[in-house]
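Remarks on the overall topology
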Amino acid sequence: MSKNFSELTFDQIEIGLTKKFHVNITQLLVDEFAKISGDFSPIHVDDEFAKSTKFGRKIVHGMLLASLLSRMVGMYLPGKYALYSSQTLEFHNPCFIGDEILVSSVVTDKSESTKIIKIESKITNIKKDILLYGEGRIIVRDD
């Protein structure tokens, strides 16, 4: 388990602060997510079925991508003191096994009275296609 998490406090976080990381989407990652989630839909796990769809091949679970936002919040922005309050998700384009993706988030608002930051997150592929977009509200704890 990695303990290389950010320890940003509410006062250290500024609007415009941005964090990013890359992930290579592998077959093993997709297989493990299917096991954890219980989602074995053939669009994700069956080559023959997926060939018959408009995508022509298996697509990665959208919620696997969304789960990477948890890594962003818990490890990078803000990190140790994060407590998720809410998250919106919009899925724009499919992700495929073998894709290298970029997860990026930027602080767009912060409330002094509630200690909540708002972050805008995007997941893009190497061609810069937006795969996922969302806005999260994160409580920055002071414990």
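Residues numbered from 1 in each chain as written. Predicted model: local features only at pLDDT ≥ 70, side-chain atom pairs only at ≥ 80, totals over all residues. Heavy atoms only, no water.

**As for the environment of K128**
Within the element layout of this structure, K128 appears in the loop between β5 (116-125) and β6 (130-140). Note: C-alpha distance between K128 and K54 (74 residues apart in sequence) is 21 Å. (Helix = DSSP H or I, 4+ residues; strand = E, 2+ residues; numbered from the N terminus.)

**Quick word on the packing of aromatic side chains**
For the structure on display, the rule yields one aromatic pair. Summarising the aromatic geometry, the rings of F21 and Y76 are spaced 5.1 Å apart at their centres and angled 25 degrees between planes, so their arrangement reads as stacked. Taken together, the residues F21 in strand β1 (residues 18-24) and Y76 in helix α4 (residues 62-76) connect sequence positions 55 residues apart. By relative accessible area, which is 7% here, F21 ends up buried. Here the guanidinium or amino end of R57 rests over the ring plane of F96, the centre of that ring lying 3.6 Å away. In this arrangement the basic side chain of K110 is found over the ring face of F10, its NZ or CZ atom lying 4.3 Å from the centre. (Phe/Tyr/Trp six-rings, centres within 6.5 Å; stacked < 30°, edge-to-face > 60°. Buried < 20%, exposed > 50% of the residue type's maximum accessible area, 1.4 Å probe, protein only. Lys NZ or Arg CZ within 6 Å of the ring centre and 35° of its normal.)

**As for helix α1 (residues 27-37)**
For an α-helix the count is 3.6 residues per turn, leaving residues at separations of three or four pointing the same way. Within α1 the residues assigned to the buried category are V30, F33 and A34. Each buried residue of α1 lies within a common arc of 100 degrees when the element is viewed along its axis, so the set occupies one face. Exposed positions of α1 whose direction lies more than 90 degrees from the buried face are L28, K35 and I36. On its buried side, α1 packs onto α2 (42-45) and α4. Backbone geometry just after α1 places G38 at a positive phi near 80 degrees. (Arc of directions from axis to C-beta. Contact = heavy atoms within 4.5 Å.)

**Digging into the pattern of salt bridges**
Throughout the structure, instances matching the rule amount to eight salt bridges. The residue E7 makes a salt bridge to K80 at a minimum N-O spacing of 3.7 Å. Residue E7 is located in the segment before β1, and its partner K80 is located in the loop between α4 and β2 (82-87); the two are separated by 73 residues in the primary sequence. Accessibility expressed as a relative area gives 39% for K80, which makes it partly exposed. In this structure, the salt-bridge partner of E135 is K118, at a minimum N-O distance of 3.9 Å. Linking E135 in strand β6 with K118 in strand β5, this pair joins segments that are 17 residues apart in sequence. (Salt bridge = Lys/Arg side-chain N within 4 Å of Asp/Glu carboxyl O.)

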